[in-house]
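# A closer look at the structure
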Protein chains: 2
Amino acid sequence: MRTITIKPKAITHNLNQVKKMAPHSKVLAMVKSNAYGHGIAAVLPALQQADGIGVATLTEALEARQLGWNKTIGLIEGAFTADEWQQAIDSDISCVIHHEPQLQWALENIPPASSATRVVWIKYNTGMNRLGFDAEGVIAAAKQLHAAGYQLILTTHFANADNSTHPLNAMQIQRFSDVLNTLQETVSADIQGSLCNSAGIVNFSEHHYDWIRPGIILYGSSPVVDQSAQELDLQPAMDFSAQIIALQTVNADHAIGYGSRWIAQKDTRTALVSIGYGDGYPRVVNDDAYVSVIDTSNNQSYRCSVIGRVAMDMIVIDVSTAPEDIALDSKVMLWGDAPHVDEVAAHAGTISYELLCRLSIRPKRVQA
Amino acid sequence: MRTITIKPKAITHNLNQVKKMAPHSKVLAMVKSNAYGHGIAAVLPALQQADGIGVATLTEALEARQLGWNKTIGLIEGAFTADEWQQAIDSDISCVIHHEPQLQWALENIPPASSATRVVWIKYNTGMNRLGFDAEGVIAAAKQLHAAGYQLILTTHFANADNSTHPLNAMQIQRFSDVLNTLQETVSADIQGSLCNSAGIVNFSEHHYDWIRPGIILYGSSPVVDQSAQELDLQPAMDFSAQIIALQTVNADHAIGYGSRWIAQKDTRTALVSIGYGDGYPRVVNDDAYVSVIDTSNNQSYRCSVIGRVAMDMIVIDVSTAPEDIALDSKVMLWGDAPHVDEVAAHAGTISYELLCRLSIRPKRVQA
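Residues numbered from 1 in each chain as written. Chains lettered and ligands numbered in written order. Predicted model: local features only at pLDDT ≥ 70, side-chain atom pairs only at ≥ 80, totals over all residues. Heavy atoms only, no water.

### A look at the state of the cysteines
Here the structure, examined in full by the defined rule, presents 0 disulfides over all chains. Take Cys 357 of chain B: it sits in no disulfide, and the sulfur closest to it among the cysteines is that of Cys 357 of chain A, at 17 Å. (Disulfide = S-S within 2.5 Å.)

### What to know about the relation of the copies chain A and chain B
If you rotate chain A by 180 degrees and push it 0.0 Å along the axis, it lands on chain B with an RMSD of 0.0 Å. The operation mapping one copy onto its partner corresponds to a two-fold rotation axis. Rotation axis and chain A: the residue whose C-alpha lies nearest the axis is Arg 358 of chain A, separated from it by 2.7 Å. An overlap of 100% is found between the interface residues of chain A and their copies at the interface of chain B, pointing to a shared contact surface. (Least-squares fit on C-alpha atoms with pLDDT ≥ 70 in both. Contact = heavy atoms within 4.5 Å.)

### Describing helix α7 (residues 135-147) of chain A
Residue and element names in this part refer to chain A. For α7, which comprises 13 residues, the first-to-last C-alpha distance of 18 Å matches the rise-based estimate of 18 Å (1.5 Å per residue) to within 8%. Looking at α7, one finds that the buried residues are Val 138, Ile 139, Ala 141, Ala 142 and Leu 145. Each buried residue of α7 lies within a common arc of 165 degrees when the element is viewed along its axis, so the set occupies one face. Exposed and oriented more than 90 degrees from the buried face of α7 are Glu 136 and Ala 147. Buried-residue contacts for α7 involve β5 (94-97), α6 (100-108), β6 (119-123), β7 (151-155) and α8 (167-186). (Helix = DSSP H or I, 4+ residues; strand = E, 2+ residues; numbered from the N terminus. Expected span 1.5 Å × (residues − 1). Buried < 20%, exposed > 50% of the residue type's maximum accessible area, 1.4 Å probe, protein only. Arc of directions from axis to C-beta.)

### Thoughts on the UniProt feature "binding site: substrate" (unreviewed entry) in chain A
Under the UniProt annotation, the feature "binding site: substrate" (unreviewed entry) is placed at Arg 130 and Met 312 of chain A. A maximum C-alpha distance of 34.6 Å among these annotated residues, which run over 183 residues, shows that they spread across the structure rather than meeting at one spot. Along the chain, Arg 130 of chain A turns up in the loop between β6 and α7. With residues near it in sequence (within four places) discarded, Arg 130 of chain A still touches Asn 125 and His 157 of chain A together with Gln 248, Tyr 258, Leu 272, Ala 311, Met 314 and Val 316 of chain B. Inspection of the secondary structure assignment puts Met 312 of chain A in the loop between β15 (300-307) and β16 (315-318). (UniProt positions renumbered as here; feature names shortened; annotations may be inferred.)

### Section: the environment of Ala 135 of chain A
Residues and elements named next belong to chain A. With respect to the element layout, Ala 135 can be found in helix α7. Each C-alpha atom of the pair Ala 135 and Asp 92 lies 28 Å from the other, and the pair is 43 residues apart in sequence. What Ala 135 contacts, discounting residues up to four positions off in sequence, is Tyr 124 and Val 179.

### So, the interface of chain A and chain B
Taken together, the contacts link 67 residues of chain A with 67 residues of chain B. Between chain A and chain B, the buried area comes to about 5,300 Å², and carbon and sulfur atoms account for 54% of it. If you sort the residues of chain A by the area they bury against chain B, Asn 129, Arg 130 and Arg 358 of chain A come out on top, with a joint share of 15%. Linking chain A with chain B are 4 salt bridges, by the criterion used here. (Buried area = accessible area lost by both parts, 1.4 Å probe. Salt bridge = Lys/Arg side-chain N within 4 Å of Asp/Glu carboxyl O.)

In structure tokens form, the structure reads like this:
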């Protein structure tokens, strides 16, 4: 059975790790994109100790409210229209304001003093060049918003925080610090700051400010290039598994699968596994890609290479490393403890975030 | 709004194209993996003129029955367990039998004569080396199944049908033809054949046999390397769209997005689009990747390059080609008529099948 197993205890563990790393900051836990593919309904109960959650769309925000989340919700790209701004007010959503139209909606339609929408995350573009005002613009916007009665959190986003030595990091930190100081001195001492995503939390512990915004780290993947999830004592929050549906021996010199791209060097015991890109396993993986076959009779695990092209509904693996009598129906781990999803992502030339988000609805979803 | 628009009329058109290409064959329309990501409920009504549908899992088969599909359902990897074989009987599912355990389940548990499960698709491995019996095995299995009262369809699967000149194609066709002849002469003249997937339908019109198994072609993508969807007169069955959520100018020498991988050569008008890999747009695309920005006031369309790294929730595009007053909220086509999903797949180093299947649940789904 193609199965995605979500482990809420792992998420709570990872949140606690984050809180240890940044003990003086509030936590806005990122649950956008259906909680990085884990399913927001499964994840929210594990995040009770977070101070708020972050989402990318109003729909996601409203879903979280419907699921009973009654603390802060941050809409990290803000409202897309004036109508969305009103809906944000109606549901007490705190919005990012990153460009002029959003500023105008906020100035023209001021929520009640008691509303969480009175807290605005004002975005400063320090070098990502995607969202945000420039230094002059953010100061001007902050003055107007403050005068209109909004409480402000200055925020920005790192472009290269995964790579601690990238020169842009220091520049972004400096720019952020300078503008925050200016705002606190010239507008209000109460203006807060939020700088760090997962990678920033790990790499820039001197710069955690008032709110941190952990995302991938909550789900058990490493956000940085030079430390593994294990080294950060993170636990993967998802097991992705399938089963062996056929066993056979492929003779030497025979090719396997589409494009005949894998050719047996010798007679090779293979197994067919009921998983494919139609489930969300990546179609293009390199020769290092492997899965773990579990002999459920004794819980032994065998590392087996993925061979041939990943198809929509199945993959072929080399079971030479497993006993000859490995059972049909044996469980196959695509990712979980081993391989870790970070490893699979490396084999697929991408990052774990993408693999987690791009799962299809076909696998059965359960909680551990 | 992130939106997936399914076009049932396009699917019916594509089915009619297939039927023109193979006028003497019955059609098993592939709807596995949630109808290649299009949504089986949306697709089935468009396939009323197909003779049957093909699915990869028993769950998919049962869902199609629940949705009211009362014609043939072919389970193309067959039952995974003896229990699934019984469930297939209970719901009149026709199964592939590709290895010894499935043969035993079928011989030990014979469905009533009236059951569709009495029709068995027996799989011959002609060179894909994934599923199927060898020549000797398939003949022996066919004899036993025929003696037990089953009606048989011999089937196999091409490894390289997208590439008409690949030498394995002729070998697979010859092997298939030889064994089918043998079975018809020595077991039963009524044994039917099914050889061609989408690519085979296009490339091997002399070898369509009794049943063809179109998949990707129904959804409007080209299954072959040397003819485009347009050349095959196919219509894309999915529009994938989003909207502009911010406009800005990035100054020369500034980098955009994660990894700072795109650097502006000159001051560049850019737009932020509310789509990312969290929706199913591929994270890794090359510099040829583009989208179409639609000016809804006059329906003009502008080709705009994707610049910088695709993120979970947004992409940045170069809108130099669009008017300066292009509206916030303008519609952005990720794929549809232009770019065709086949183009996006080429930019992402994969095939359209994967892009269509690996869409997340976040985009809103509608029908045209």
